[in-house]
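# Coordinate inspection notes
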Amino acid sequence: MKAHHENSNPPSFIQMMQTLLGGEVLSRGAPALLPPKAYWSDSRKISPGDAFFALPGKFRNGNEFVESAVKNGARVVFMEKGNRNEHFLLENIPPECVVFLVENTKEALHTLARYRYAKLSLKKTIGVTGSVGKTTTKNLLQELLSSWYPSYATRESFNTSVGIDLALASVPEETSILILEFGANSFGEIRELTLQYMPEIGIITDIALAHTQGFASLEGVLQAKLEILESPQMETVFFNADSPLLASFFATASFKKKTIPVGWNADPFRGIRIEKAEVCSRTHKRYPFSLQLEISLLGDKLRCEAPFYCTHHAYACGFVLGVAQVMGIPLSQKADSFFENFQVPSGRGNILTSSSGCLLFDESYNANPKSMGSSLSSFGKLPLSGRKIAFLGGMKELGELSSKEHLHILSFFAPFDKIFLFGEEWNSPEIDRQIEKWGFGEKVELLDSLNAFFLQAQALSLGKGDALFIKGSRSYGLERIVEEWEENVES
């Protein structure tokens, strides 16, 4: 079958794309397309009606996954002309699908994102950066602000230039509050995003050991995150008052915009002070735990409840309530309703229950020493009736600090009945010595594969009252455990 090149009375979406991006349009039919629901560069994320950008990668080219994207329901595909697979394009494009052949898919994506962004009439842009807690803070912001303004936040952890472009490609035109997450692996990346989107409100969640391989030290991490202050439109900056580096910087810097500290050590009259953060069990609720908070909000007392089992999420709640306050959103004395419908993102503390009644605490998305230690500490304190099991992948990108930080994580092992370690970071004589010194030898086991863990989990016969905690760097693919688990999920 020969390809049909659209050139007469094209649907408005196709015409707009071709005018905007140039290139060639290829289809086997005459698809009357609506704009895609979402744009992705990962074919596994595609849902029917979505668009797929075949971006060049470090190790593999996105063109290799076009067939997978189409099978998953992609109705729009963006490919580079020089890499087109003629046989696949001619024989396998569904009649309802259209392919845009462009010179450079990354540049085409950026052009589309800038086009969509330029059409917005924004009241405020909020930029969120920091070593931990960015995505939860961003998602909580959208949850609260959407009740007052048409708000849009970047999906998942889309915090790089490409990720933000993918999110903005489908931003609704009525959006008036834009919430962006800024991440970085090297200096200058946050500055680039800051100068491009110029947030009026900035949030720096924390400074901790994450990606230190790219920044060399905590001071390097601080300097990278402070690039968000270079926004020419910046009005207000929220920062973690319990971070020594951030507290010291804002106490001595000549930064002339409004700064608001958030944390246990914040001044309750000029900042947002966490007075109490207590995790309680909940019955007859989808999320089985509740973080009960008491906060002094710029002099006002506020009680709040949110669906978390970790006390460190108190910071995210404080940042969000502070943004609401400075934006003039009325806050009542008891603000439970702000977060009661919040859905904890997959891999970031959501909890699944198997058909046998065992709980899975899913922290599989990523890990650094601060988030690993805090999560293990909170999990270890939960009032659970059964066994506490942990599966911990190694923490990547710590450079020379890796050995020291993995040794420190051993100090959180006492409350656990069994701990499985996975990854080369745990495989060292010094870690072995410390495990024996702490008396953990019988309950700690180093595994060489995820399949080995599945066999161990089966032997443990995890059931009602038991709980499994999983966390590790993204490159270890611990989401596979969640996928296997979800096949036996109760709710």
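The structure reproduced in this document is the subject of the present report. Just so it is clear, the model here is predicted, and its values are computed rather than measured. (Residues numbered from 1 in each chain as written. Predicted model: local features only at pLDDT ≥ 70, side-chain atom pairs only at ≥ 80, totals over all residues. Heavy atoms only, no water.)

Turning our eyes to something else, we now look at the sheet that holds strand β14 (residues 300-306). Taken in spatial order, the nine strands of this open sheet run β7-β8-β6-β9-β10-β11-β12-β13-β14, and their pairing is mixed. Among the strands making up the open sheet, the edge pair consists of β7 (151-153) and β14. Here the strands of the sheet are splayed against their neighbours by 20° on average, with no regard to which way each runs. Pairing geometry for strand β11 (residues 258-263) and strand β12 (residues 272-281), over two bridges, is parallel. Along β12, the bridge assignment pairs V262 with I272. On top of the sheet, helix α5 (residues 134-145) reaches β6 (124-129), β7, β8 (177-181) and β9 (201-204); it is set at about 170° to β8, its chief contact. (Pairing = 2+ DSSP bridges. Helix = DSSP H or I, 4+ residues; strand = E, 2+ residues; numbered from the N terminus. Axes fitted to C-alpha atoms, helices over the stretch in contact; angles between N-to-C directions. Contact = heavy atoms within 4.5 Å.)

This part is about the packing of helix α1 (residues 12-21) against helix α4 (residues 105-118). For the pair α1 and α4, the least separation of the axes is 10 Å and the interaxial angle reads 115°. Considering the angle they form, α1 stands roughly perpendicular to α4. The interaxial crossing formed by α1 with α4 has right-handed handedness. Here M16, M17, L20 and L21 of α1 come into contact with α4, specifically with A108, T111, L112 and Y115. Of the residues that constitute the contact of α1 with α4, the class distribution is seven nonpolar, one polar and no charged. (Parallel < 35°, antiparallel > 145°, perpendicular 65-115°, else oblique. Left-handed = near helix turned anticlockwise from the far one by under 90°. Nonpolar A, V, L, I, M, F, W, Y, C, P; charged D, E, K, R; others polar.)

Aromatic ring pairs are defined here through the distance separating the ring centres and the angle between the ring planes. Enumeration according to the criterion identifies 25 aromatic pairs in this entry. Arranged with centres 5.1 Å apart and planes meeting at 90°, the rings of Y117 and Y197 form a pair that is edge-to-face. Taken together, the residues span a long stretch of sequence, with Y117 in helix α4 and Y197 in helix α7 (residues 189-197) at a distance of 80 residues. Given a relative accessible area of 2%, Y197 falls into the buried group. Among the aromatic residues, ring-to-ring pairing joins F289, Y309, F361, F379, F416 and F469 into one connected group. Its end group placed over the ring of Y365, R348 keeps NZ or CZ at 4.0 Å from the ring centre. (Phe/Tyr/Trp six-rings, centres within 6.5 Å; stacked < 30°, edge-to-face > 60°. Buried < 20%, exposed > 50% of the residue type's maximum accessible area, 1.4 Å probe, protein only. Lys NZ or Arg CZ within 6 Å of the ring centre and 35° of its normal.)

It is worth spelling out the nonpolar core at this point. Counting residues in hydrophobic clusters, the biggest one holds 72 residues, and the most contacted among them are I126, L145, Y309, F339, F361 and L392. Considering every element that reaches this core, the biggest residue donor is helix α11 (residues 314-326), with nine residues. Sequence-distant contacts of L145, defined by excluding residues within four places in its chain, comprise I126, S151, I177, I179, V323, M327 and I329. (Core = buried A, V, L, I, M, F, W, Y, C linked by side-chain atoms within 4.5 Å.)

Next up on the list: helix α15 (residues 450-460). An α-helical turn contains 3.6 residues, so any two residues separated by three or four positions project in the same direction. Along α15, the residues classified as buried are L450, A452, F453 and A457. An end-on view of α15 places all buried positions within 145° of arc, on one side of the element. Away from its buried face, by an angle of more than 90 degrees, α15 presents the exposed residues L455, Q458 and A459. Looking one or two residues beyond α15, the residue adopting positive phi is S461, at roughly 50°. (Arc of directions from axis to C-beta.)

Moving on to α11. Between its first and last C-alpha atoms α11 spans 19 Å; for 13 residues at 1.5 Å apiece the expected length is 18 Å, and the two agree. Most of α11 sits out of view: eleven of its 13 residues are buried. Positioned one or two residues after α11, G328 has a phi angle of 80°, which is positive. (Expected span 1.5 Å × (residues − 1).)

Turning to its location among the elements, R474 is positioned in the loop between β20 (467-471) and α16 (479-486). The spatial distance from the C-alpha of R474 to the C-alpha of M395 is 8.8 Å, given a sequence separation of 79 residues. Non-local contacts of R474, meaning those with residues more than four positions away in its chain, are made with Y365, N366 and E479.

This part takes up the environment of L293. Checked against the element boundaries, L293 lands in strand β13 (residues 289-297). For L293 and A314, which are 21 residues apart along the polypeptide, the C-alpha to C-alpha distance reads 7.1 Å. Setting aside its immediate chain neighbours within four residues, L293 contacts K276, A277, L302, R303, C304, A314 and C317.

Shape is all these values report; function is a separate question.
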